[in-house]
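Chain by chain, the residues run as shown.
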Number of protein chains: 2
Amino acid sequence: MTTLLTTRDIGAIVAAKGLAACLGRLVAYLEHDFARWGDFDKSARVASHSKDGVIELMPIADARHYSFKYVNGHPKNTRAGLPTVMAFGLLADVDTGRPELLSELTLTTAMRTAATSVMVARRLARADSRVMAVIGNGAQSEFQCLAFHLLMGIAEVRLFDVDPGATARLVANLRAAAPALRTTVCAGTADAVRGADIVTTITADKTNATILTPAMLAPGMHVNGVGGDCPGKTELHADVLRAGPVFVEYEPQSRIEGDLQQMPADFPVTEFWRVLTGAAPGRTAADQVTVFDSVGFALEDFSALRLLRDLAAELGLGRRIALVPDLADPKDLFGALAVPGAATSVAADRLAVAA
Amino acid sequence: MTTLLTTRDIGAIVAAKGLAACLGRLVAYLEHDFARWGDFDKSARVASHSKDGVIELMPIADARHYSFKYVNGHPKNTRAGLPTVMAFGLLADVDTGRPELLSELTLTTAMRTAATSVMVARRLARADSRVMAVIGNGAQSEFQCLAFHLLMGIAEVRLFDVDPGATARLVANLRAAAPALRTTVCAGTADAVRGADIVTTITADKTNATILTPAMLAPGMHVNGVGGDCPGKTELHADVLRAGPVFVEYEPQSRIEGDLQQMPADFPVTEFWRVLTGAAPGRTAADQVTVFDSVGFALEDFSALRLLRDLAAELGLGRRIALVPDLADPKDLFGALAVPGAATSVAADRLAVAA
């Protein structure tokens, strides 16, 4: 039997453990897995592009576990009342291929993306960072704001979105969830970025946009570029990438999907796991601009699925479903059809076809 | 909400409709989709190989639907009481990325593989075929025997497996399900193949085996080669492929995975859809040997998922699960966490972390 976790189960996990604890453990699981980068069989995700969106599969495996995520990106969905991004995923046993855990990953993707941003910012942003600009106030913005507030000590978020309603919703949710976090609604990107220590861009449009320009940068800033994550979908001006060392998750995928897609193939980047393990430097000076060109990598979902499996076991959550057959004789697959009347039906059909 | 079909639901569908009707409709859905080959965004499957097996993702899409299958192949699994092959898959809406149907596909893979074999054999085997040899009597063998019996008029199956217990199980299942089908247990492959009009090879070992040799062939035979479907896993001697025209599902994948993997890159093959649509000839003489080098293509699962969706709707089967969130405001993903106590937990955690 396979354990199924629905969106309701994820809500129950967060309610039981608290968002800070969930995000904190997620960062720990991410760090554990990024630190053993060489253990993983990695590949760029497999994308199926259509007129209004993309559907992707993101597989990864180590010697013990295999995971994949199904995820879409359809910016127009919100007009039809559907989320832009929806996701679910699987954790399976490499030795047998048996599916262990099937889970919703829409809420989880928002949490793992924010946790990844924090994991990286802890090594790249200035330790005294207190103010974060958040450009793009859509579905993932609460998670980014709360993760940086709860885990990084961000005390003020400066918010801008082309849709004022989105910003209003974000402010209301943040006030309810974290009253100590100061929220400042800004008139534009330049206004929001002014005075920020960290700039998070997380917009949804699938266009080659220039949300953040070099004129907006200030010495010592850390840019957490999250929304440029698909061919034809960028947020950062090329000179923002040229302004500081650029860090990525998995270089082959980031070259295709990240803001990096607009740069020459030999533009230098550093894979973050090298900073985490001490193989490469992160920030080297307080006045340096650092850029994390995040696209979302399969390893992050692998870590999240491992955590969900452990949390569900701790809390006794999830439902067991017969996603694959449980056979008394493993070669007798046909026996799994032996519901009452099946054999009779076959024989009756044979007569019907022969007649 | 997404509809979930478990192995039990597939059993209920077959019990309600009968195996012959299910397989017959599956062939019709397959023919419908193979006939519009150009409509599909196709790619070879994405494989993750490990010491004892492989886990694969098989995506495909047309302008309306996207599907993928998760499937493993672990020949040693049966020793641990698990099936060699386990699978599940998804049907999603291309316009929005919304997951419509999540279904078990282990039983369904066995049915769709047999239905594909029949669809192809109807164009390539001699119309007067009555005897089929089945080499490899594992989990899929009942489905092959019954599909050819129920839909192609095969009256006798000649059976061989290195495991006599597997053959005994197959015989017992066939006697119960289709008493009119004659079963002959054979002492070896050559014995089983002698006098057969169609030869189905469907063995499990992940080795470069030579199950079928040219000396065993007779004029007019159709070879339904199903088990050579993975790099390093073949069943047919190279001269069997040279003996007759070779037909495949999707050439780029078959060159990597099929028995074809042992042939030069310019060895000629015909994609089956061309025969189906009349663009290429199938069998051209009664004494010709024809070879279907089947590996299993994502389009077959796409067709099967379409059929399951329709049958589940007809029969009122399946359970609705919250695999992705249903949001009042599609940008308010955070609101989906708003189970009682969640906000309080966040605030409490903040204090705990700050303390």
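Values in this document were obtained by computation on a predicted structure and should not be read as measured data.

I keep staring at the overall build of chain A and nothing clicks. Help me out?
When you go through chain A residue by residue, the secondary structure sums to 11 helices and 17 strands. A compact globule built from 355 residues would reach a C-alpha radius of gyration of about 20 Å, and chain A, at 23 Å, matches this within 12%. Principal-axis analysis of the C-alpha atoms places the extent of chain A at approximately 80 × 40 × 40 Å. Looking at chain A as a whole, 58% of its 355 residues are labelled buried. A separation of at least 24 residues holds for 71% of the contacts in chain A among residues at least 6 apart in sequence.

Where do I start with the interface of chain A and chain B in this structure?
Much of the literature gives interface size as the accessible area that the parts lose upon coming together. Taken together, the contact between chain A and chain B spans 87 residues of the former and 86 residues of the latter. A total of 10 residues in the side of chain A that touches chain B trace back to one element, the largest contributor, which is helix H11 (residues 342–354) of chain A. Classifying every residue of the side of chain A that touches chain B gives 55 nonpolar, 19 polar and 13 charged.

Just to check I follow, could you spell out the relation of the copies chain A and chain B for this structure?
The second copy of the chain is related to the first by a rotation about an axis and a shift along the axis. Placing chain A over chain B gives an RMSD of 0.0 Å and needs a rotation angle of 180°, together with 0.0 Å of translation along the axis. One copy is carried onto the other by what is essentially a two-fold rotation axis. Mapped onto chain B, 99% of the interface residues of chain A again fall at the interface, so both copies present the same surface.

Is there a simple way to think about the domain arrangement of chain A in this case?
Residues and elements named next belong to chain A. Domain parsing of chain A yields domain 1 (2–107 + 300–321) and domain 2 (125–297). With centres defined by C-alpha atoms, the gap from domain 1 to domain 2 works out at 22 Å. Residue-level contacts link 19 residues of domain 1 with 20 residues of domain 2. Here the side of domain 1 that touches domain 2 gets seven residues from one element, more than from any other, and that element is helix H2 (residues 19–34).

Can you walk me through the sheet that holds strand E8 (residues 156–160) of chain B in this structure?
The strands making up a sheet associate through backbone hydrogen bonding, with each pair oriented either parallel or antiparallel. All names here are of chain B. Ordered by their spatial adjacency, eight strands build an open sheet running E9-E8-E7-E10-E12-E16-E14-E15, and the pairing between neighbours is parallel. At either end of the open sheet lies a strand with only one pairing partner, and these are strand E9 (182–185) and strand E15 (270–271). With four bridges connecting them, E8 and E9 associate as parallel partners. Residue pairing across strands places Glu-156 opposite Arg-182, the latter belonging to E9.

What is the right way to look at the pairing of strand E16 (residues 290–293) of chain A in this model?
Taken residue by residue, a regular strand's side chains alternate between the two faces of the sheet. Residue and element names in this part refer to chain A. The alternating pattern of E16 places Thr-290 and Phe-292 on one face and Val-291 and Asp-293 on the opposite face, and all of these are buried. Where strand E12 (residues 222–225) lies against E16, four bridges are found, and the strand directions are parallel. In the sheet register, Gly-225 faces E16, and the bridge partner there is Asp-293.

Sorry if this is basic, but what is going on with the nonpolar core here?
The tendency in soluble globular proteins is for nonpolar side chains to be buried side by side. Core analysis: the largest hydrophobic core is formed by 233 residues, its most contacted members being Leu-23 of chain A together with Leu-23 of chain B. With residues up to four places along the chain from it excluded, the contact list for Leu-23 of chain A reads Met-111, Ala-114, Ala-115, Ala-147, Leu-150 and Leu-151 of chain A.

For this particular structure, what's the right way to read the pairing of strand E16 (residues 290–293) of chain B?
In terms of strand pairing, strand E14 (residues 246–248) of chain B meets E16 of chain B through two bridges, oriented parallel. The residue bridging Val-246 of chain B from the neighbouring strand is Val-291 of chain B, located in E16 of chain B.

Hey, could you run me through H2 of chain A in this one?
Residue pairs three or four apart in sequence face the same way in an α-helix, which turns once every 3.6 residues. Over its 16 residues, H2 of chain A extends 22 Å from the first C-alpha to the last, a length consistent with the 22 Å expected when each residue adds 1.5 Å. What H2 of chain A keeps buried is the set Leu-19, Ala-20, Ala-21, Cys-22, Leu-23, Leu-26, Val-27, Tyr-29, Leu-30, Asp-33 and Phe-34 of chain A.

Looking at this structure, how should I read the packing of helix H1 (residues 7–17) of chain B against helix H2 (residues 19–34) of chain B?
A pair of packed helices can be characterised by two numbers: the angle between their axes and the separation between those axes. Residue and element names in this part refer to chain B. Where H1 meets H2, the axes come as close as 6 Å, and the angle between the chain directions of the two elements is 105°. One finds that H1 runs roughly perpendicular with respect to H2. Contact residues: Ile-13, Val-14 and Lys-17 in H1; Leu-19, Ala-21 and Cys-22 in H2. Partitioned by chemical class, the residues of the contact of H1 with H2 number five nonpolar, no polar and one charged.

Mind showing me how you'd approach the environment of Leu-5 of chain B here?
Residues and elements named next belong to chain B. Within the element layout of this structure, Leu-5 appears in strand E1 (residues 2–5). What makes Leu-5 buried here is the crowd of 26 C-beta atoms within 10 Å. Put simply, Leu-5 and Glu-104 are 99 residues apart on the chain and 6.2 Å apart in space, counted from C-alpha to C-alpha. Apart from residues lying up to four places away in sequence, Leu-5 is in contact with Ile-10, Leu-101, Ser-103, Glu-104, Leu-308, Ala-312, Leu-317 and Gly-318.

Mind showing me how you'd approach the sheet that holds strand E3 (residues 54–61) of chain A here?
Residues and elements named next belong to chain A. The strand order E2-E3-E4-E5-E6-E1-E17 describes an open sheet built from seven strands, whose pairing is mixed. Only two strands of the sheet have a single partner each, and these edge strands are strand E2 (46–49) and strand E17 (319–321). Averaged over all pairs of adjacent strands, the angle between their axes in this sheet comes to 15°, without regard to strand direction. Lying over the sheet, helix H3 (residues 106–124) contacts strand E4 (65–73), strand E5 (87–93) and strand E6 (99–104), oriented at roughly 85° with respect to E6.

How should I be thinking about the packing of H2 of chain B against helix H10 (residues 298–315) of chain B in this particular structure?
All names here are of chain B. Running from N to C, H2 and H10 cross one another at 125°; their axes reach a closest spacing of 9 Å. It follows that H2 is oblique to H10 by the angle criterion. Of the two possible hands of crossing, H2 and H10 adopt the one that is right-handed. Within the contact between the two elements, H2 uses Arg-25, Leu-26, Tyr-29, Leu-30, Asp-33 and Phe-34 and H10 uses Leu-299, Glu-300, Phe-302, Ser-303, Ala-304, Arg-306 and Leu-307. Among the residues making up the contact of H2 with H10, the classes are represented as eight nonpolar, one polar and four charged.

Explain the confidence of the model for chain A to me, please; I cannot follow it from the model alone.
If pLDDT is low for a region, its predicted coordinates should not be looked at in detail. Residues and elements named next belong to chain A. Scored by pLDDT, chain A comes out at a mean of 93, with 95% of its residues at no less than 70. Scored below 50 in pLDDT, residues 339–355 shows 36 contacts in the model against residues more than four places distant or in partner chains. Interface confidence in the predicted complex, given as ipTM, is 0.90; pTM for the same model is 0.91.

Please explain the environment of Leu-90 of chain A as it appears in this structure.
With respect to the element layout, Leu-90 of chain A can be found in strand E5. Taking the number of C-beta atoms within 10 Å as the measure of exposure, Leu-90 of chain A has 24 and is therefore buried. A sequence separation of 10 residues divides Leu-90 of chain A from Glu-100 of chain A, and the C-alpha atoms of the two residues are 7.5 Å apart. The contacts of Leu-90 of chain A, once residues within four sequence positions are left out, are Ser-67, Phe-68, Pro-99, Leu-101 and Leu-102 of chain A together with Tyr-70 of chain B.

Parameters at a glance
- Here the residue numbering is sequential within each chain, running from 1 through the sequence in written order.
- Labels are handed out in written order, letters beginning with A for the chains and numbers beginning with 1 for the ligands.
- Totals for whole chains, interfaces and linings use all residues, but because this is a predicted model, local features are given only for residues with pLDDT of at least 70 and pairs of side-chain atoms are given and counted only at 80 or more.
- To qualify as a helix, a DSSP run of H or I must reach at least 4 residues; to qualify as a strand, a run of E must reach at least 2; elements of each kind are numbered from the N terminus.
- This radius of gyration counts C-alpha atoms alone. The globule rule is 2.2 Å times how many residues there are, raised to the power 0.38.
- The exposure label follows from counting other C-beta atoms within 10 Å of a residue's C-beta, where the C-beta atoms are placed from the backbone and the thresholds are 20 or more for buried and 12 or fewer for exposed, leaving partly exposed in between.
- By definition, residues are in contact whenever their C-beta atoms, placed on the basis of the backbone, come within 7 Å of each other.
- Three classes are used, and their members are as follows: Ala, Val, Leu, Ile, Met, Phe, Trp, Tyr, Cys and Pro are nonpolar, Asp, Glu, Lys and Arg are charged, and the others, Gly among them, are polar.
- Residues below a pLDDT of 70 in either copy are left out; the C-alpha atoms of the rest, at least 70 in both, set the least-squares superposition of the copies.
- By convention here, the domain bounds are inherited from an automatic or database domain assignment.
- Any two strands with at least two DSSP bridges between them are considered paired.
- The term nonpolar core means buried Ala, Val, Leu, Ile, Met, Phe, Trp, Tyr and Cys residues held together as one set by C-beta atoms within 7 Å.
- A helix's residues, less one, multiplied by 1.5 Å, set its expected span.
- Angles run from 0 to 180 degrees between N-to-C directions of axes, and those axes are lines fitted to C-alpha atoms, restricted for helices to the stretch in contact.
- Convention used here: angles under 35 degrees read as roughly parallel, angles over 145 as roughly antiparallel, angles from 65 to 115 as roughly perpendicular, and any remaining angle as oblique.
- Note on convention: near helix rotated counterclockwise from far helix by under a right angle means a left-handed crossing. Clockwise means right-handed.
- pLDDT is a per-residue confidence score from the predictor, ranging from 0 to 100.

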